Structures are given as structure tokens and as C-alpha cells.
Amino acid sequence: MRRTSWLWPVLAPLRFDESGIGPKLMHESFINYRNHRYGVFAVALCLGAVVTSLIDSRREPQNGGTWLGYTLGSIAALLICYLALYGVRRRSFKSPAGSAAGWLSAHVYLGVAVLCIATLHCGFQFGWNVHTSAFVLMLLVSISGCWGVYVYARYPGLMIRQRGNSSRETLLEQLSTLDRRARLLVSALDERLQSYVEEAIRRTHLGGGVWAQLRGRDRSTILIPDALRGPPFARIVSNEGQHVLIQRLAQEHAGAHEASFAAKLQDLLEVASEKAVLVGKLQKDIQLQGLLQFWLYCHLPLCFGLLAALVIHVLAVFLYR
Amino acid sequence: MPDLEFDVAILGAGPAGLSAAARAAQRKLSHIVLEAGARHANTIQQYQRRKHVMSEPGLLPLRSDIAFAAGRREAVLQGWEDGIRKTNAQIRYQAEVTAISGAKGAFRLALKDGDALRAGHVIMALGVQGNPRRLEVPGGELSCVQTALESADAYLRETIIVVGAGDAAIENALALAVQNRVILVNRGADFPRAKDSNVTRLTRALDAGRLECSYRAAVKLISAAAAESAAPYQVVLGSPEGERTVDCHRVIARLGAIAPRRFVESIGVRFLDDRTDAIPDLSPQYESSVPGLFIIGALAGCPLIKQAMNQGYEVIEHLSGNPIQPADHPVLEAKLRPLLGGREVAATLDLIQDRVPTFAGLKALAMRELVLASKIVTPRKGRRIFARGDYSSSVFHVLQGQVQLEADAGEPMLLRAGQLFGEMSLISGRPHEIGAVAGPECMLLETPHGTIKKLARTEASVRSYIDRVFVVRALRLLLLPRARAETIHALAVRAQIHSISAGDTLFEQGDPIDRLYLLRSGSVTLSRPTRSGDGPVAYCAAGSFVDVAGCVPGARSRTVTARATVAADALSIDFESFSELLSSDEALQRKVQVEQEQQAAAYARMKAQPEAGDVLSFLMSHGVGEATNVLVIDEQLCIGCDQCEKACAHTHEGVSRLNRRAGPSFYSLHLPTSCRHCEHPHCMRDCPPNAIHRLPDGEVFIDDTCIGCGNCEESCPYGVIQMAEVPERVGIVQRLLGRRPAEAAKTAVKCDMCKDLNAGPACVSACPTGAAIRIHAEDVVALARTRASAVR
């Protein structure tokens, strides 16, 4: 049987059991991890802190400088260090210190508990100083973390549903199949339409920079030739939802004189509409995937800011007491 | 003109043939090597460029006048070319032998080009690859037609026609399609011979338009193209739609090979049986059933280069009247030392055969091979050889002393010299059902599963003996732990063994209930037909009774269909004998009742939840039925962070053994491409250096004796083994000092379940959201049910 190292419990104080890898275990999210074990622990911690503060507040007013203030402050500081260790665990793949899901579960619940303990620690005394800045940063880290929890819990399922249970690779393959079909259909039609369809395919746009990904708008364009003045006067316009292409094909369809020509255009119209839906799905998928990662880019810098502010706060308290 | 005469004619210029020729030249025997191809060592010439050729087995000394050491393909081939020159070995290329007649002292060999020659003795060193089938069409002999592909990178922006429907054709076509236009020509409508993973890759590439495929098509004609055309050659392809002409640069025909066996048999050589991998009946000096005709190398069952070269040397020494001990003699002597006691090696091998009935019918050569692959162990009294629940990859025979087998119920069994144990795990591929403890002065022969399975395939006597032992032990262990030996033996005689392949049925709904089935290996699903096809209601793994719930008193016909999910083996006894036993044995009654209750409840639960049946069908159709540990990702939890792959690469020299995105999904369950540690690992079936092992916890891993032959990669139906260059790790400081990592040879890499990490598989423990888990096939029903209730 696998044994765990005796060294690690020091760094993983909340590990009560084996690493959480049992063959009998079914999927268990970080939120439900071991029947909300860390949630229960966090609630108990907060209740304990609240009750002690209530009792103590009869003796002396709440302040960071009382014995209880120091105790709560120390607990909060230690918790913050422990929470930051999650980043270390995430990157140490050979670590015997429990599963990353367990760590994340503890990280989430204790992260919320820190809010309560630190608020009790400061005794609701806020001002324009370095101490309050540490508190605000902690608040922001917590909020961004909660946003992350929401994102992790909700988006993966949402992404599967909106992709209709197929993978992104499958959708991309479907897209190229549609493009091939469109090219095949239009090859029997006149050259103007061919270049129109070709332009629409060439200028179909997925993803892009960070902002484009997060906004999730279809930024596809199309080149509209100027029949009178020639190529230099062609315009590039938005082809969001393939609407320009569809509109143009519909116009041609309305003006068609031959049944076979109209039938081809009808097929082409259907392909273009299918493609519009598919591009929409892919765009949404890219957006959700982007959002799934974006919050971390807020959480991490704030977290480092918090650690710095915490060090300054502690030094300031002890040096200028 | 009279035929040329030689003392020895050697067929095939591979390592075995070359070594024999070099020795013959040294011994001043007149000799000739007849090689059908245009170069020496065709098989190795076809290896990819710069491939590392290993010189396994390391223990065995090389006995040859031609040098050979592990190294790059080019260096090895050059070494042999030098050897041919130095020793003055006589080789005639492009000389395919079509018939051999005559007898010892006066063989007559007819060549394809019409020549003939005479030889006193014939040595066949043909290998097993055979001659590649050629395109038998006009123009098939043109230089643009090739039967092998050395490197796909050598061609750029060409039009290439690949003919064939096997794995080789698909792999070549896919590799070439990266930078060329490729047309795959398939005579049939699909690819029944190819591996599933290859078909999937091909389908994907075809859908994406990366290459073309012509079905029910054939090459009709190849000719040089007109001067102004885009490519130098023209190929006419015929298909049901009609003929079309394609300009192309080359045609690669991967049509398989003509196995040499038929030719060898036509001369009168007897094979041990009819299986495709059977070996010829040979004497200890490699002489076949035709006196004067010797067979060495891969065709004689020795696929390793060094062994083949040694055999070439030994045969010539034997022919020149110098009887020498085989090269493996010192190795065997060292292995057998505890048992020798002043005896000769050959006598000791005979002694083992006398004592151990499993090996009684073996030929001397097979016995040597067996002992070479095995080891002798002498555990102290009271030492646990394996525990109940351990996986193992060995079978044991007691050579001396005693061994005690401990089951949960019933008396412990005492085994004496000659008896075998570990056979249930061998057959089922599952953990041991009983533990084994060494008795006083115990000496055991430990043989790897792969070796014994290969032996059981080729030797009917070994197969039937192991089966007999299995039946008796299985009946005792699983049915009648307290019964008398006579009762069990009487029942064993009436037991039958049924082998069914994946997808076949053991019995169908409505069949009469006439036998009780016990699954020996593989797994089956029990299903009831529904409006939308088969609805699975239960899953049975090896070691369980199939549909006992249906065998209630008064029931006449089956209410379910039992279908194998993977190749399965079942043992059955007739229902009357079983009913008789049942009425007289209370313990058995209780056991059957418990099983009936569990199965009946499981049927009902699954029936009430048809989605769970769908999930179960999905998992089974992707081979989870034979998995002992399979990675399953819950897509509802997966955030696509790829921590699993990163963790895998990080803990395995930078090469990830899992591909998260690849693999099928259903009901938000995703089966990524990653090893499943099968009950009967396909990869272990044919590993020349026996480098693939199974640990007691079930992990299947490849050790560093891998020779990079790629057999395991080819055998794995799930495409989870890759051939990779695992680079040497050099620290930053050493890099600054100018040290560079040594060039690595390509070896097979696969998931080893992070056996060296205390925390278990890194892919699972690194998953931050709990999306990745590893489960055993036994848990699939539970997984299917939770999934069906989780996703609505």
C-alpha cells in the first residue's frame, strides 16, 4: 500500500486522510470534497471566533491590539499563508501532500473564513492607512476567489450544454466541412458569387485577443466589391452572424430565373445559416473558456499585493506600536 | 551446365544467415547465402533511420565471427557489411528460392530466375516477416513503386498513392499526408484489419480533408507520365464509379507479406501445430523434421538478433563435427545452480521435466527457452510468496519442498514438488484469489505470464494441463470449499470451457437454462432487449457466476442475454449436477442465495434507470470492461487546465503519457487516451525482452530494458503507448559547464500509475476540481448509475 510522508503534515495541517484517491470513489467536486469537510471546519472556526469576540467585547472594546485581537490576527495571517501555499502545491506535481482537489476545497472554504476572522480582528476600525489597505486587498482577493468558484462550478457544464455535447475540435471540424460544402456548391455558380462566398469564408473570425475572446462577439467580416469603380474601392464590412452573406444569397435567390440555380442557392443559404449557428457556438465556447481563466489573472496579482500589504501591516504594528 | 555444388546453402541474409555464412567461411565449408532481396538484413534495413538497435538479452554472450553490439541502425548494418567483407561470406542477392528437393547430402534448390544449385545441407534463416506482397499490375516493377517507407519526412509536396488497408498503410498514409498529397487506395469498403485507434485517426484526417481515400478501388496500371504533366508517373485507379488517372510521384504498396511458413512446409518440415505463430519441430541442434535441413532465427521462434547470430554459428560448428554447448549454457548453468547438485545442465532440465507435469510434453529447445525466461527462487519457510488480492505477472511451479495455499474458506491446500500455482491469476488476469506461503526447503520456478501464455499457445499439452488444474481449483475455491477431492474431480470431468470473442453471446434471452456459467476471464454484460436496442442490466467480471439470478427454481429459460465485452472465457457445469450439489451443500445454498439476491436487485435498479444502461454500454464499447484502472474525467467538473497532462509530463521525464483532449465522451464522461492497465495487458503479449511487468497493485509498466521494438505500441488497441525519445536530464550547472544531454533512443513509454510516487497517480492528485478519477472495471456500474442520476 502507498504510505504518505511524515514530513508533509506540517505543511498540510488539514489533511486528515489518505490522498483522496480510492478506486471506489466516484467523481467529487472540490466544493463537495469529503462531504464539505473543510466547509464545516471553516464554519466552526468562524463561529468560535464570533462567540469569543462577543464574550470578550463585554470586557474591553474590540481592537486589533487586545489579546484576542492578536490571536485572531495571527490566525488570519497564518491562514493567508496557508492559502497562498495552494499555489505551491498546484505546481509541485510529485507532492505527497494530498490531492489538489482537497487543497482547493480547503483554500475556498478557509479563504471565506479569513474574511470573517480578519474583520473581527480589526474590530471594524477602518481608515486611510496601510492596515485598511491590507484589509481591502484581502476583500478583493476573496471576492475574486468567489468569482472563480462560481466560474469553476458553473461554466464547464454550461460549455458542454451550449456545445451540444460535442468537443470544440468536433465543432471546428464541422466548420471546415461546412466551408468545403459551400465551396463545392458555389463552384457551379458564377464567379462573382464564388468570390463572395470565398471572401466570407476567408474572413470568418474566431477568437482573437483577450478582449475579443472575453466579449465573445462575432468579428467576421466580408469584402464587398465595388462593381463600378473596381477593386481599390471594395469595402470591408462586418459579417456578424454571416448576415451580409445570407442577405446577398437571399437577394440572388429572389431574383433567380432558373429552378436549378435557385435550388443551389437555397442549399447555399442553408449552409450559411448552419455556419452562423456554429460560429456562434464556437465564439461562445471561446468566451466561456476565456472567462474560466480570466478571473485568475485578477486573483493572482491581488494575492501578491495582499501578501506584501500583510507583511507591511505586521511590521508596522510591531515597529510603531 | 551442371548445377553449382556447396556444402551448405543458407537461405536469408539476416543476422542468423550472415553469422552462419561467416562461420562457414572460417571453417572452409563451401557455402552460399541466397537472399531474395537486394540488401542484407532486410528487416533491419526497414527500421526507421537512426533507430537504436538493442542487443538483448544482455546476459547472453555473442558467438559470431561478425561483430554486433547495440547501437544505431546504420552502425549495426555497417558492422555487418564489414563482417561480410572480412570473413569472405558468399552472398547471392535477388536469389529467391522457389523449391527445395532431394535429401540430406544432396539437396537441390531451384531459384526464381531459373537457376538451380545443389547443397549437402540447407540452413533456413528466413525470419518471419516474409517477402512483401508486390503490386501485380502492369508497371508494378517500376522504380516509383516501393513496399516500405523508411522516413515520411523524406518526401515533400509530392502526390503519393498508398495501397492497402492495414495498420502499415494507414500509418504511412497519415505520416506522409503531413507534407504531401496522399491518396489511400483500399480494396474494401472499410478497414477491418486495422487497429481502432488508427481507424479513428484516419477517419478524423479524412473528415478534415487532410488526405483522400478511394474505397473498393484498385491500382490498374502504372506508367511514366507525359513530359508536360505535373508528376513523373501516372496511375490508373479502378473503382465502382469507373476508372480515373492520377499523376503521382510514387506508389507505396503496403499489402502485407507472404508468410514463409507455406514454403517451409512444402519442403516437408513439420510444425508443432496450426496456429499462425507456431514454430517448426526442431532438434536441440536446430535440425528440422527433414534431416539435413536446419532452421534458425525468428522462424525457429528466436526473434532476438543475438540469439539468431549464435544459432547460425552453432549450426555450422555442428555441421563441421565440433559439438559445442549452446551459447545459453553458462546462463542456464548459473540459473539452475541451486538445483544442479553435480548434474549436467541437460540432465537438470530433464529432471525438471520429469517432476513438473506441465512441461512433460515439451521439446528440449522449448524447455531451454522457458528456463531462460524464468528464474529459480528459494523463499524461506513461512515467507509469503504472494498475498490474496495481489496482482502478479508470474506463474510458479514447485521444484522442491512445499507451498501452502490459503483460501478464505476451507482447508489450506498443500502443494508438493511438480505442482503449479498462480494459474487462476494467469487465466483471469485478476488479482490472486488465494495467498501462497512457502513451506520448508522450498524451491520454485517463477515464469512470467507472457512466456507461459506463449507456451500455452504453441503447446497443446501445456494448455490442457493448466486448464485441468484451473477447473479443479476454481470449483473448489468458488463453489465447494469443503467438498471431498473425489466430488470435485468427478465434477471437473463434466465441466466445459467456452471461449467467446468480444461481441459474441454466451447465451441469449429465451435459451433454456441448462448450464451454470462461471466467468474465468474477460467480462460480460447481461442485457434485455428494449425498444432502442439492448439495454444492459448488469456487468459480470471474471470470477463471478453469470446470471445466477435467472436460475431460480422453476425457471426454464434465460431472461437476459450474456454478451462478452472483451474476449472472454467461461467454465460451465450442467445444471443437473449443480442442482444436486445445491441440495446437498448448505454453504453453497447460502452463497448462491446471496448472489441471486444481489443480481436480482441490480437488474431491477438498472431497469429502472435506462440512462445508466446507456452509460454502461458506452463504457463497455470503449473497452472499460477489461480495465483494472481507467482514467475517467467528468466534463462537468473539468476546467480544461491540463494540470493532469502537465503533472504526467512533469513526473515522467517531460513526456506526458496521457492525452486529455483525445478519446470519446458520453453523458459528460470523458475517457482520455491513457493506459487502462488491462486485466490481460495486450502490450505484454509480445515483448521480446520481457520488459513489461505488473506490480502487485496492478500497475503495468515498462522497465528500462525496453529495446524499442514497438510491438507493444502496435498491440495496444487503445493507442496509449507511444515511442518517444526520453531525453537525459542535465542540470543547469552542468549545462553551463558544457555538458549536453546524451542522444536518447526511442523506447516505449506508457502510464505506470506513478508507481514510484507515494501520492498515487499524479494526473488524479493534480486535478484541482476533482474531475479526474481512476476506477476499476468493477466500479463501472456504480459510475454509470451516479452519472445517470447526475445528468438530467
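Conventions used here
Residues numbered from 1 in each chain as written. Chains lettered and ligands numbered in written order. Predicted model: local features only at pLDDT ≥ 70, side-chain atom pairs only at ≥ 80, totals over all residues. Heavy atoms only, no water. Helix = DSSP H or I, 4+ residues; strand = E, 2+ residues; numbered from the N terminus. Rg over C-alpha atoms; globule rule 2.2 N^0.38 Å. Buried < 20%, exposed > 50% of the residue type's maximum accessible area, 1.4 Å probe, protein only. Pairing = 2+ DSSP bridges. Salt bridge = Lys/Arg side-chain N within 4 Å of Asp/Glu carboxyl O. Axes fitted to C-alpha atoms, helices over the stretch in contact; angles between N-to-C directions. Parallel < 35°, antiparallel > 145°, perpendicular 65-115°, else oblique. Left-handed = near helix turned anticlockwise from the far one by under 90°. Contact = heavy atoms within 4.5 Å. Domains from an automatic or database assignment. Buried area = accessible area lost by both parts, 1.4 Å probe. Polar contact = N/O pair within 3.5 Å; in protein donor to acceptor, adjacent residues only side chain to side chain. Nonpolar A, V, L, I, M, F, W, Y, C, P; charged D, E, K, R; others polar.

A. Summary view of the overall build of chain A. Looking only at helices and strands, chain A features 9 helices and 2 strands. Across chain A, helices and strands are ordered from the amino to the carboxyl terminus as α-α-α-α-α-α-α-β-β-α-α. Rg of the C-alpha trace for chain A: 29 Å, well past the compact-globule value of 20 Å for 321 residues, more than 25% over. Overall, the C-alpha framework of chain A stretches about 95 × 55 × 30 Å when taken along its three principal axes. Counting the 321 residues in chain A, one finds 44% classified as buried.

B. Molecular detail of unusual backbone geometry. Residues and elements named next belong to chain B. Here Lys28, not a glycine, exhibits a phi torsion of approximately 60°, which is positive. Positive phi, normally seen in glycine, also occurs at Arg216, with a value near 45°. Along the chain, Arg216 turns up in the loop between β13 (212-214) and β14 (218-224). On the basis of relative accessibility, which here comes to 53%, the residue Arg216 falls in the exposed class.

C. Region of interest: the sheet that holds strand β38 (residues 669-670) of chain B. Residues and elements named next belong to chain B. Read from one edge of the open sheet, 4 strands run β37-β38-β36-β43, paired in antiparallel fashion. Strands with a single pairing partner mark the edges of an open sheet, and in this sheet they are β37 (665-666) and β43 (772-775). Of the strand pairs in this sheet, strand β36 (residues 630-634) and β43 are connected by 4 bridges, and their pairing is antiparallel. Following the sheet pairing, Ile633 is matched in β43 by Ala772.

D. Quick look at the pattern of salt bridges. Residue and element names in this part refer to chain A. Scanning the model with the defined rule gives 42 salt bridges over all chains in all. Linking Arg202 and Glu199 is a salt bridge whose minimum nitrogen-to-oxygen distance equals 3.3 Å. Taken together, the residues span about one helical turn, with Arg202 and Glu199 both in helix α6 (residues 191-202) at a distance of 3 residues. Residue class for Arg202 comes out exposed when judged on its relative accessible area of 54%.

E. Highlighting the packing of helix α13 (residues 460-479) of chain B against helix α14 (residues 485-494) of chain B. Residue and element names in this part refer to chain B. Between α13 and α14, the least distance of the axes is 9 Å, while the angle of their chain directions is 125°. On the basis of their axis angle, the class for α13 and α14 is oblique. Seen along the crossing, α13 lies across α14 with a hand that is right-handed. In this structure, α13 uses Val471, Val472, Leu475 and Arg476 to contact α14, whose residues at the interface are Ile488, His489, Leu491 and Ala492.

F. Representation of the environment of B:Asp274 within the structure. All names here are of chain B. With respect to the element layout, Asp274 can be found in the loop between α6 (261-266) and β19 (293-295). For Asp274, a relative accessible area of 74% corresponds to the exposed category. Considering only alpha carbons, one finds Asp274 and Ala119, 155 residues apart in sequence, at a separation of 30 Å.

G. A look at the domain arrangement of chain B. Each domain of chain B was delimited in the assignment, giving domain 1 (4-130 + 259-325), domain 2 (145-257), domain 3 (330-488), domain 4 (496-609) and domain 5 (628-775). Between domain 2 of chain B and domain 3 of chain B, the C-alpha centre-to-centre distance is 51 Å.

H. Molecular detail of the sheet that holds strand β24 (residues 413-415) of chain B. Residues and elements named next belong to chain B. Strand order in the open sheet made by the 4 strands is β21-β26-β23-β24, with antiparallel pairing throughout. In this open sheet, the two edge strands, each paired with only one partner strand, are β21 (384-386) and β24. Pairs of neighbouring strands in the sheet enclose a mean axial angle of 30°, with direction left out of account. Relative to strand β26 (residues 435-438), β21 is paired through 2 bridges, and the arrangement is antiparallel.

I. Summary view of the environment of B:Ala69. All names here are of chain B. For Ala69, the position within the fold is in the loop between β3 (52-53) and β4 (71-72). For the pair Ala69 and Gln325, spaced 256 residues apart in the sequence, the C-alpha separation amounts to 22 Å. Once residues within four sequence positions are removed from consideration, Ala69 is found in contact with Ser55 and Val76.

J. Region of interest: the interface of chain A and chain B. Taken together, the contact between chain A and chain B spans 34 residues of the former and 49 residues of the latter. Taken together, the two surfaces of chain A and chain B that pack against each other cover about 3,300 Å², and 56% of this comes from carbon and sulfur. Across the chain A-chain B interface, the total number found is 1 salt bridge. Between A:Glu169 and B:Arg661 there is a salt bridge; the shortest N-O distance is 2.9 Å. Here chain A and chain B share 10 residue pairs in polar contact (both at pLDDT 80 or more) between them. If you list the elements that add at least two residues to the side of chain A that touches chain B, you get α2 (67-91), α3 (100-122), α4 (130-163), α5 (168-186) and α9 (259-319) of chain A. Grouping the constituent residues of the side of chain A that touches chain B by class yields 15 nonpolar, 9 polar and 10 charged.

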